[in-house]
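# Analysis of the macromolecular model
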Amino acid sequence: MFEARLLRSSILKKVLEAIKDLLTQATFDCDDNGIQLQAMDNSHVSLVSLTLRADGFDKYRCDRNISMGMNLGSMSKILKCAGDKDTVTMKAQDNADTVTFVFESPNQEKVSDYEMKLMNLDLEHLGIPETEYSCTIRMPSAEFARICRDLSQFGESMVISCTKEGVKFSASGDIGSANVKLAQTASIDKEEEAVVIEMDEPVTLTFACQYLNYFTKATSLSPQVQLSMSADVPLVVEYRIPDIGHIRYYLAPKIEEDDS
Amino acid sequence: MGILGLSKLIADIAPQAVKEMEIKNYFGRKVAIDASMSLYQFLIAVRSEGAQLTSVDGETTSHLMGTFYRTIRLVENGIKPVYVFDGKPPDMKSHQLNKRAERREEAEKELQKATESGDTASIEKFNRRLVKVTKQHGEEARQLLKLMGVPVVEAPCEAEAQCAQLVKAGKVYAVATEDMDALTFGADVLLRHLTFSEARKMPVQEFHLNHVLSGLELNHKEFIDLCILLGCDYCGSIRGIGPKRAIELIKQHRSIEQVLHNIDTKKYQPPENWDFENARRLFVEPEVADAKDIELKWCDPDEEGLVKFLCGDKQFNEERVRNGAKKLMKARTGTTQGRLDGFFKVLSTTPNPKRKAEEEKKNANKKAKTGGGRGRKPK
């Protein structure tokens with residue numbers, strides 16, 4: 001028996017919004033510690049890693065580890081049926097081929113349940129090596145979303161370069177070029193609005209705007225976003241979901257042609 | 001012609017070995033394309049009002065049209081194509097080629113009949129059957145590809161075998177062909193429908209040899225024997241043994257020799273002088289050029305050259321050709337998107353945990369039933 005209850009359905013709704021454009025289907029691995037999801041998009045350019053800890057749920061019970069393959073489009077449709085303030089409960093029997101979502105309105109007057117078929121998914125689990133990153137940048141998530149949106153109008157790819165002075169995002173294309181520089185915040189009054197850069201070595205990498213724009217769908221989950229970069233390894237974009245877990249996106253950089 | 005019924009067999013028995021992908025997922029991949037197969041495809045498919053496209057003198061240009069635009073489509077999607085042309089057919093294929101010639105003659109007769117009776121549907125049908133890729137078609141396609149900056153490889157013998165060799169050597173990611181024998185030749189990844197027209201909206205089918213083998217529970221040697229039993233280009237097969245029987249027999253006996261030893265050869269007669277051993281040898285050690293000596297180089301397209309070659313007599317629209325050349329040029333600049341596969345290691349693949357669970361359940365049910373039966377008796 002698996003049962004997980006959240007007081008606010010909005011968290012789950014936002015999580016789904018944050019992954020459904022990248023992934024069409026994914027496996028939710030549930031065990032004692034909570035729910036984990038790890039999946040690459042079809043072209044193996046990006047990876048989503050989601051953790052929802054058991055202690056973040058209002059109620060959490062998982063007798064046997066189960067993996068539930070879900071069609072994220074269908075799941076998103078179901079979650080759209082829930083009000084933001086509704087309580088949501090996910091339920092599944094051991095070895096079941098369906099999962100049930102129960103939504104309860106705050107005054108308990110309306111209870112709805114939706115059952116969804118699970119899928120038989122064949123998924124690869126990737127080992128993500130612990131990496132020391134040369135640069136980590138923390139900044140307001142809305143600011144990052146804005147930069148990605150603005151720069152994607154100029155070109156398909158965006159260069160992120162992190163130096164002592166700050167971090168620079170740039171793009172260029174047919175209409176011209178765009179540069180956005182952010183300096184480290186001098187005095188931190190509000191932590192949520194701060195730009196904090198930790199750097200051992202300067203790094204410059206190029207990424208596809210399209211994917212960054214998919215990642216920023218997670219903006220509403222967290223006021224801050226953390227970017228971690230090292231030369232020639234994937235970028236990590238992390239959103240911490242308050243009190244329950246995090247969502248991490250990995251994105252392979254664009255590389256210069258060598259032989260062609 | 002490939003292997004008879006292999007793709008259906010794989011889809012039935014090892015569905016997990018076939019993946020449907022979108023063409024855009026192959027960005028940055030180098031792909032070897034079986035040229036004669038795709039030229040044939042173009043001659044059949046690229047038509048206007050049922051007739052092939054022609055130049056002023058009535059020479060066919062369908063193959064050039066196809067090669068030009070479909071290659072551009074691949075390149076625009078970030079794919080780096082290599083075209084591999086057939087050399088001499090192996091001696092063992094002569095039988096198959098004779099058969100094909102016979103069929104052409106038949107079609108020609110039918111065509112005449114149809115023309116006399118004015119049956120337009122049949123005229124078109126038999127016209128298509130008469131399509132043949134000639135030396136000249138090949139020559140023109142080579143010339144065009146060179147102008148487009150796309151590398152061409154000349155296979156000493158069968159193109160599929162050469163493609164497979166390029167995959168095995170890691171020079172390219174996959175073979176793009178409709179014929180399944182590339183798998184028999186040992187190509188790790190085979191793509192079907194890659195050169196189909198965009199309008200057909202066909203997803204690209206990706207076959208992985210290792211998944212095919214594990215799905216069929218065979219090793220590569222046994223797989224080759226299976227393909228020969230199914231029917232290949234190099235020798236006949238046993239009458240009365242279809243795909244289902246073939247896979248059963250190979251699984252049971254593990255080689256053609258053992259199969260012959262164990263089946264009733266009167267009921268299932270193998271062809272006279274059945275030379276399956278040589279056919280097998282052709283699959284295991286085909287005549288190919290060493291991939292190490294093949295250098296694949298993509299160059300800038302020659303816009304003026306393309307215009308000169310395609311426009312004028314061949315009646316291509318100059319503006320569209322120039323546009324095409326620009327697209328080729330644009331795809332060459334800029335950076336390529338990397339993939340995560342190189343950075344992270346696959347820890348485990350969970351092959352359908354639920355299916356396994358279902359099987360376990362079935363077994364459990366069986367046990368429960370038999371147990372229950374025994375329990376009841378003493379009452």
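Computed from a prediction, not measured in an experiment: that's the story for all the values here.

Another point: the packing of aromatic side chains. Under the defined criterion, the tally for this structure stands at twelve aromatic pairs over all chains. Taking 6.0 Å as the distance between ring centres and 85 degrees as the angle between the ring planes, the aromatic pair formed by Tyr211(A) and Tyr214(A) counts as edge-to-face. Placement of both Tyr211(A) and Tyr214(A) in helix H4 (residues 209-215) is noted, with a separation of three residues, approximately one turn of the helix. Residue Tyr214(A) is classed as partly exposed on the basis of its relative accessible area of 24%. Both rings, one in Tyr239(A) and one in Tyr249(A), keep their centres 6.2 Å apart while their planes meet at 90 degrees; by these two values the pair is edge-to-face. Highlighted residues: Tyr239(A) in strand E18 (residues 235-241) and Tyr249(A) in strand E19 (residues 245-251), separated in sequence by ten residues. Judged on exposure class, the residue Tyr239(A) and its partner Tyr249(A) are both buried. Here a set of aromatic residues connected by ring pairs shows up, and it is made of Phe2(A), Phe57(A) and Tyr60(A). Stacked on the ring of Tyr173(B), the Lys or Arg Arg29(B) has its end atom at 3.8 Å from the ring centre. When the ring centre of Phe309(B) is taken as reference, the NZ or CZ atom of Lys314(B) above it lies at 4.6 Å.

This part takes up the UniProt feature "coiled-coil region" (unreviewed entry) in chain B. The positions that UniProt labels "coiled-coil region" (unreviewed entry) are, in the present scheme, residues 94-124 of chain B. Summarising residues 94-124 of chain B: 94% helix, 0% strand, and an end-to-end C-alpha distance of 28 Å.

Before going further, it helps to spend a moment on the sheet that holds strand E13 (residues 166-173) of chain A. All names here are of chain A. Within the open sheet, the four strands sit side by side as E14-E13-E12-E16. Their pairing is antiparallel. On the outer flanks of this sheet lie strand E14 (176-183) and strand E16 (203-208), each paired with one strand and no other. Sheet twist, expressed as the mean angle between neighbouring strand axes with direction ignored, is 15 degrees. Bridge count between strand E12 (residues 157-162) and E16: six bridges; the pairing is antiparallel. Paired with Val159 across the strands is Thr206, a residue of E16.

Another aspect to go through is the pairing of E19(A). Residues and elements named next belong to chain A. Among the seven residues in E19, six count as buried, and that is most of the element. Both strand E4 (residues 46-53) and E19 contribute to a ladder of seven bridges, which runs antiparallel. Residue Ser49 lies in a different strand from E19, and its bridge partner there is Arg248. In the sheet, E18 pairs with E19 via seven bridges, with the strands oriented antiparallel. Looking at E19, one finds that Glu238 is bridged to Arg248. Turn length for the E18-E19 hairpin, with the two strands adjacent in sequence and antiparallel, is three residues, and the turn residue Asp243 shows positive phi of about 70 degrees.

As a further point, take the nonpolar core. Core analysis: the largest hydrophobic core is formed by 79 residues, its most contacted members being Phe2(A) and Phe169(A). Broken down by element, the residue count for this core peaks at five residues, all from helix H1 (residues 9-19) of chain A. Mapped onto the domain boundaries, this core takes at least three residues apiece from domain 1 (2-117) and domain 2 (135-251) of chain A. Here Phe169(A) is in contact with Met139(A), Phe144(A), Ile147(A), Leu151(A), Met158(A), Val159(A), Ile160(A), Ala178(A), Asn179(A), Val180(A), Leu182(A) and Leu227(A), once residues within four sequence places are set aside. Membership of the second largest hydrophobic core comes to 62 residues, among which are Leu6(B), Cys163(B), Ile224(B) and Leu230(B).

So, how was this worked out
Residues numbered from 1 in each chain as written. Chains lettered and ligands numbered in written order. Predicted model: local features only at pLDDT ≥ 70, side-chain atom pairs only at ≥ 80, totals over all residues. Heavy atoms only, no water. Phe/Tyr/Trp six-rings, centres within 6.5 Å; stacked < 30°, edge-to-face > 60°. Helix = DSSP H or I, 4+ residues; strand = E, 2+ residues; numbered from the N terminus. Buried < 20%, exposed > 50% of the residue type's maximum accessible area, 1.4 Å probe, protein only. Lys NZ or Arg CZ within 6 Å of the ring centre and 35° of its normal. UniProt positions renumbered as here; feature names shortened; annotations may be inferred. Pairing = 2+ DSSP bridges. Axes fitted to C-alpha atoms, helices over the stretch in contact; angles between N-to-C directions. Core = buried A, V, L, I, M, F, W, Y, C linked by side-chain atoms within 4.5 Å. Domains from an automatic or database assignment. Contact = heavy atoms within 4.5 Å.

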